[in-house]
Amino acid sequence: MDIKQNICPKCGGPSEEGLCNNCKAESVDWIICDERVQCVHCPTCGSLRHGNTWTDSHLEREELIFNLSMDAVHLHEDVMDVEVSYKYHDPSPNRTSVGVKVNGEIYGVPVESTCRVLIVWSKEQCDRCSRLAGSYYSGTIQLRADGRKPDDFEKERAIQISQKCEDELQEVGERLSFVTKSEETKDGVDIVISSHSIGDFITREIKKQLGGKVTRHPKLIGEKKGRPVYRITYLVRLPRYRKGDVFENRDHYYEVRGYDSNQLWVFDLKEGAGKVYKENDDGRLIGNVSDSESAFVNYIEGDVAGIMDPKTYENLECIIYPWLEIHEGQEVRFLRDYEKERIIFVG
Ligand SMILES: [Zn+2]
Ligand SMILES: [Zn+2]
């Protein structure tokens, strides 16, 4: 049997077909290095710009230098077993010179090359930081309450919610959704926001946690690239009653337990049962269970309890509704209905 031996047309050495591996390796540009790369970063937040797009970067400088250098090195697709090492120094404050050494193998032939990449650093304020600096806004959330003013807890909670929403949106890359500022006003809190999506998100969360109604009031402020630009005022009107409030309506006393998609959940202190409050007339506020007083029960007579008024030390007789289990010598919590001169036991 004849073994067909091919000859490399370039070097005359043995070859399977056409050029031998050595000559093939020599004939391809297996590595191409860009001499210069530019990196635009935001001096305030460290974001990086690629073309017209800014992205958050959490890379350390060293990692960034490595990534930028690797972006500048282009290898032939047949190169295998690549190993890269690099060294760098800063010839000037806005230049980093990186020496890159690449080892690999192509067509079974080991290859090695070094090149130098100059990273040019430039600073530019990113889209987010420039909007932040310019107090950019596309809407305001006004936290108000129905027939009263939001209390400290509600105001604090709303601000916390807005911060949490901002964190979440930033995390998923919605760079331009942020809270520009929040401030207390005489009627509640105003939260100024940079995008409509964060406005929708925050108001949805506030409603979920604090109840109330949200209305949106858009106002046309101009046009950008042929599209109308709106600013939206979100009015969040918290419910008339807060959790723990006790109010009277048609001789029933109700304690507010919570909210569930526009429904008011109450505990009927006369019947001893939880229910959805459906009455149209809103009733009269007595107080909040967090402000309730406590007193000792001196005696029980039928459905009447005699308790000692902790303010005057006088005996007060009050009706015990059937669901209440009250015993002599026990301590009970109550609210005063001054208008009807009644003591209302709370659970
Ligand atoms: Zn050859
Ligand atoms: Zn920035």
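Computed from a predicted structure; not experimentally measured.

### What to know about the pairing of strand β8 (residues 80–92)
In this structure, β8 lies alongside strand β9 (residues 95–106), joined through 9 bridges in antiparallel fashion. When the bridges of β9 are listed, H89 appears paired with S97.

### Thoughts on the nonpolar core
Within the largest apolar cluster, 22 residues are counted, with the highest numbers of intra-cluster contacts made by W30, C39, L68, V100, I119 and W121. The contact partners of I119, leaving out residues within four places of it in the chain, are V37, C39, I65, L68, S69, N94, R95, T96 and V98. The next biggest cluster of nonpolar side chains, apart from the first, holds 21 residues, and it includes I141, I161, I193 and V236.

### Thoughts on the coordination of the zinc ion (ligand 2)
Taken together, the protein ligands of the zinc ion (ligand 2) are C42 (SG), C45 (SG), C126 (SG) and C129 (SG), with distances of 2.2 to 2.3 Å. For the zinc ion (ligand 2), the 4 donor atoms are set out with angles of 106 to 112 degrees between them, so the coordination reads as tetrahedral. Read from N- to C-terminus, the donor residues coordinating the zinc ion (ligand 2) fall into the pattern C-x2-C-x80-C-x2-C. Residue C45 is located in the loop between β4 (36–41) and β5 (48–50), and its partner C129 is located in helix α3 (residues 127–133); the two are separated by 84 residues in the primary sequence. When its relative accessible area of 31% is taken as the criterion, C45 is described as partly exposed.

### Some words on the coordination of the zinc ion (ligand 1)
Here the zinc ion (ligand 1) is held by C8 (SG), C11 (SG), C20 (SG) and C23 (SG), and the distances to it run 2.2 to 2.4 Å. Geometry at the zinc ion (ligand 1) is tetrahedral, judged from its 4 donor atoms and the angles of 105 to 115 degrees they form at the metal. Mapped onto the sequence, the donors of the zinc ion (ligand 1) take the spacing C-x2-C-x8-C-x2-C. Summarising the burial analysis for this pair, C20 and C23 share the class buried.

### Some thoughts on the environment of I319
Here I319 shows up in strand β23 (residues 315–319). In sequence terms I319 and I300 are 19 residues apart; their C-alpha atoms lie 10.0 Å from each other. Ignoring any residue separated from it by four or fewer positions in sequence, one finds I319 in contact with D303 and F345.

### Let's talk about the side chain of S47
As for its placement among the helices and strands, S47 is situated in the loop between β4 and β5. Of the residues examined, S47 reaches a relative accessible area of 0% and is grouped as buried. A distance of 3.4 Å separates the side chain of S47 from the side chain of R128, its partner in a polar contact. Once residues lying within four places of it in the same chain are set aside, the contact partners of S47 are V40, H41, C42, W54, T55, D56, S57, C126, R128 and R175.

### Quick word on the packing of aromatic side chains
Here the structure, examined in full by the defined rule, presents 7 aromatic pairs. Ring geometry for Y86 against Y88: centres 6.3 Å apart, planes inclined by 15 degrees, an arrangement best described as stacked. Looking at K24, its charged tip hangs above the ring of Y107, at a distance of 4.7 Å from the centre. We note R131 situated over the ring of Y136; from NZ or CZ to the ring centre the distance is 4.3 Å.

### Remarks on the UniProt feature "domain: Nmd3 N-terminal" (unreviewed entry) in the chain
The feature "domain: Nmd3 N-terminal" (unreviewed entry), as annotated in UniProt, sits at residues 8–238 in this numbering. Taken end to end, residues 8–238 comprises 26% helix and 45% strand; its first and last C-alpha atoms sit 86 Å apart.

### Considering the pairing of strand β20 (residues 284–288)
Counting buried residues along β20, 4 of its 5 residues qualify, which places the element largely inside the surrounding structure. As paired strands, strand β16 (residues 245–249) and β20 are joined by 4 bridges and run antiparallel to one another. Along β20, the bridge assignment pairs D245 with N288.

### Some details on the pattern of salt bridges
Applying the stated criterion across every chain, the model contains 27 salt bridges. Salt bridges sharing common partners tie together E248, R284, D337, E339 and K340.

### Notes on the state of the cysteines
Under the criterion given, the structure shown has 1 disulfide. In this model C33 forms its disulfide with C115; the gap between the sulfur atoms is 2.0 Å. The disulfide joining C33 to C115 has a torsion of about -45 degrees about its S-S bond and is therefore left-handed. One end of the pair, C33, is in strand β3 (residues 31–33); the other, C115, is in strand β10 (residues 109–123), with 82 residues separating them in the sequence. Classification of C33 by relative accessible area gives partly exposed; the value is 23%. Classification of C115 by relative accessible area gives buried; the value is 17%.

### As for the environment of G329
Tracing the backbone shows G329 in the loop between β23 and β24 (331–337). Counting along the chain gives 46 residues from G329 to G283, while the straight-line C-alpha distance between them is 33 Å.

### Thoughts on the domain arrangement of the chain
Looking at the assigned domains, one finds that the chain contains domain 1 (6–123), domain 2 (135–238) and domain 3 (245–345). Taking the mean C-alpha position of each, domain 2 and domain 3 sit 37 Å from one another.

### A few points about the sheet that holds β4
Reading across from one edge, β6-β5-β4-β10-β9-β8 is the order of the 6 strands in this open sheet, with mixed pairing throughout. Of all the strands in the sheet, the pair left with one neighbour each is β6 (53–55) and β8. Recorded for the sheet is a direction-independent mean angle of 35 degrees between the axes of neighbouring strands. Inspection of the sheet shows β9 paired to β10 by 12 bridges, in the antiparallel sense. When the bridges of β10 are listed, G99 appears paired with R116.

What counts as what
- Residues numbered from 1 in each chain as written.
- Chains lettered and ligands numbered in written order.
- Predicted model: local features only at pLDDT ≥ 70, side-chain atom pairs only at ≥ 80, totals over all residues.
- Heavy atoms only, no water.
- Pairing = 2+ DSSP bridges.
- Helix = DSSP H or I, 4+ residues; strand = E, 2+ residues; numbered from the N terminus.
- Core = buried A, V, L, I, M, F, W, Y, C linked by side-chain atoms within 4.5 Å.
- Buried < 20%, exposed > 50% of the residue type's maximum accessible area, 1.4 Å probe, protein only.
- Contact = heavy atoms within 4.5 Å.
- Donors = N, O, S within 2.8 Å, 3.2 Å for Na, K, Ca; no water.
- Tetrahedral: all angles 85-135°; square planar, octahedral: opposite > 155°, others 65-115°.
- Polar contact = N/O pair within 3.5 Å; in protein donor to acceptor, adjacent residues only side chain to side chain.
- Phe/Tyr/Trp six-rings, centres within 6.5 Å; stacked < 30°, edge-to-face > 60°.
- Lys NZ or Arg CZ within 6 Å of the ring centre and 35° of its normal.
- UniProt positions renumbered as here; feature names shortened; annotations may be inferred.
- Salt bridge = Lys/Arg side-chain N within 4 Å of Asp/Glu carboxyl O.
- Disulfide = S-S within 2.5 Å.
- Domains from an automatic or database assignment.
- Axes fitted to C-alpha atoms, helices over the stretch in contact; angles between N-to-C directions.

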